[in-house]
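# Chains, contacts and geometry: an overview
What follows is each chain in one-letter form.
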Amino acid sequence: MTPTRKKKVVADFKTRFGEPECLVRAPGRANIIGEHVDYCEGLVLPFAIKQSMYFCGKRRNDSLVYLHAFDYSKTIQLESEKEAPNWSKYFLQIINLLGKKKGLNQGFDLSFGSDIPIGGGVSSSSALCCGFLLLLNELLGLRLSKRQILNLASEAEHGIGLRGGKMDQTAIMFGKKDKAIFLDCKNETHQFIDLSLEENKFVLFDTGVKHSLVDSEYNKRREEVDLALKCVCKSIGKEVSFRELTLTDIAFLEKESTVLFNRISHVISEIDRVKQSVKAIDAKEYSSLGLLMNDSHRSLKERLEVSCNELDFIAEHLQRQANVYGARMMGGGFGGNVIALVKSGYSGGFNKLTSDYEERFGIKLKIIEVEPGKGASIEKI
Ligand code: GLA
């Protein structure tokens, strides 16, 4: 599927705009564990997936910007559209950001298309931002490093609404084949963890829903955990980060505010689960990893309250299956995907889950296998 989409985007660009100067690929990301802790100086364990977004571009002789969305068969001239499509706001945000920092006035034609499930919780928006920045970097000779690109992508996404951490952009820019990225979000450093899964597989189950409250509820959780940390610092009389705290340090908060206690206990316990997961992966103890994933789901559901009925239905069904080590919601929540670690021998059959899900929610479940692939790259045309 991947090469076909890439070729289609290039061929379409040629007929529309002529010979491209540059082709960029930006992958989506999956996350094994470490959810809703990247904005808390936490530890996370994502990887870049093979499914990617492709961008083709060439400079123009004027300062106009033409964008073509291959998947929506829609071309726009940026800034001239009265009713701009949703995806165009990311491009505009980045152009404005770069304009302020680098003074852009070179026009270009661009076409993009993707085999990442859009809006499906594998961070198509970060892939779009990172990929577009990488294309501009090449096309306009901006000399931005990978880290500068990921920081700019994150800044652009904040400008649009979701005040996320930098897990997605880091995985997208730095991903490596067969490796998970053990990312320390406090000092923004990462190590690669060998992910030879011995025939076991990571499988994503797309709920097919994205509840509209994602951005507002996500930002609210961020405020709540920050507030909880302030209360804890005040009580212990010194400034500490989430990373230095234990569940004992925060026990007092339960009486003062159950909500704040639950929020921060998710953060502390999830960071600990990531540490344990790295050990389990190194020791090839997949059952332990699976149990940690199940615990992560429970904490996201009960303590952080970012799950939804569709995610719980899928995760809890999978957790009962003998051929599954563990399953949990992945990403920001309120829809998107469940990630499961499925035992070797899996041949694609989750028929009971698919039919039960369709009966309950009226939605056809989409199931895809994912494996760690390389990060964003400049491709041969
Ligand atoms: C979204 C954000 C990430 C991260 C996850 C939850 O994907 O973009 O930064 O916070 O949610 O772990």
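Scroll up to find the structure this text is about.
This report concerns the structure included in the present document.

Rules behind the numbers
Residues numbered from 1 in each chain as written. Predicted model: local features only at pLDDT ≥ 70, side-chain atom pairs only at ≥ 80, totals over all residues. Heavy atoms only, no water. Helix = DSSP H or I, 4+ residues; strand = E, 2+ residues; numbered from the N terminus. Expected span 1.5 Å × (residues − 1). Buried < 20%, exposed > 50% of the residue type's maximum accessible area, 1.4 Å probe, protein only. Contact = heavy atoms within 4.5 Å. Pairing = 2+ DSSP bridges. Axes fitted to C-alpha atoms, helices over the stretch in contact; angles between N-to-C directions. Parallel < 35°, antiparallel > 145°, perpendicular 65-115°, else oblique. Left-handed = near helix turned anticlockwise from the far one by under 90°. Nonpolar A, V, L, I, M, F, W, Y, C, P; charged D, E, K, R; others polar. Phe/Tyr/Trp six-rings, centres within 6.5 Å; stacked < 30°, edge-to-face > 60°. Lys NZ or Arg CZ within 6 Å of the ring centre and 35° of its normal.

Between its first and last C-alpha atoms helix H4 (residues 146–160) spans 21 Å; for 15 residues at 1.5 Å apiece the expected length is 21 Å, and the two agree. Buried within H4 are the following residues: Ile149, Leu150, Leu152, Ala153, Ser154, Ala156 and Glu157. Residues of H4 that are buried sit in contact with helix H2 (88–102), helix H3 (124–140) and helix H5 (167–174). Of the residues one or two after H4, glycine 161 is the one with positive phi, at around 155°.

Across the 10 residues of strand S9 (residues 201–210), seven count as buried, placing the element largely inside the fold. The pairing of S9 with strand S11 (residues 335–342) spans seven bridges and is antiparallel. Across the sheet, the residue bridging to leucine 204 is isoleucine 339, located in S11. Note that S9 and strand S12 (residues 366–370) share five bridges and pair antiparallel. Residue pairing for S12: valine 203 is matched across the bridge by glutamate 369.

Further remarks concern the packing of H3 against H5. Where H3 contacts H5, the axes come no closer than 9 Å and their chain directions differ by 55°. With respect to H5, the element H3 is oriented oblique. Our pair here, H3 against H5, has a crossing hand that is right-handed. Contact with H3, carried on its side by Ser126, Ala127 and Cys130, involves Asp168, Gln169, Ile172 and Met173 of H5 and no other residues of that element. Classifying every residue of the contact of H3 with H5 gives four nonpolar, two polar and one charged.

Applying the stated criterion to the full structure yields 14 aromatic pairs. With centroids separated by 6.1 Å and ring planes inclined at 90°, the aromatic side chains of tryptophan 87 and phenylalanine 91 adopt a geometry described as edge-to-face. The pair formed by tryptophan 87 and phenylalanine 91 is uniform in burial state, with each residue classed as buried. Centre to centre, the rings of phenylalanine 91 and phenylalanine 132 are 4.7 Å apart; their planes meet at 70°, and the pair counts as edge-to-face. In this pair, phenylalanine 91 sits in helix H2 while phenylalanine 132 sits in helix H3, placing the two residues 41 residues apart along the sequence. The exposure classification of phenylalanine 91 matches that of phenylalanine 132, with both residues buried. Cluster of aromatic residues (ring-pair linked, three or more members): Phe55, Trp87, Phe91, Phe108, Phe112 and Phe132. Between lysine 343 and the ring centre of tyrosine 325, over which it is positioned, the NZ or CZ distance is 5.0 Å.

Functional significance is not addressed by these values, which are geometric in nature.
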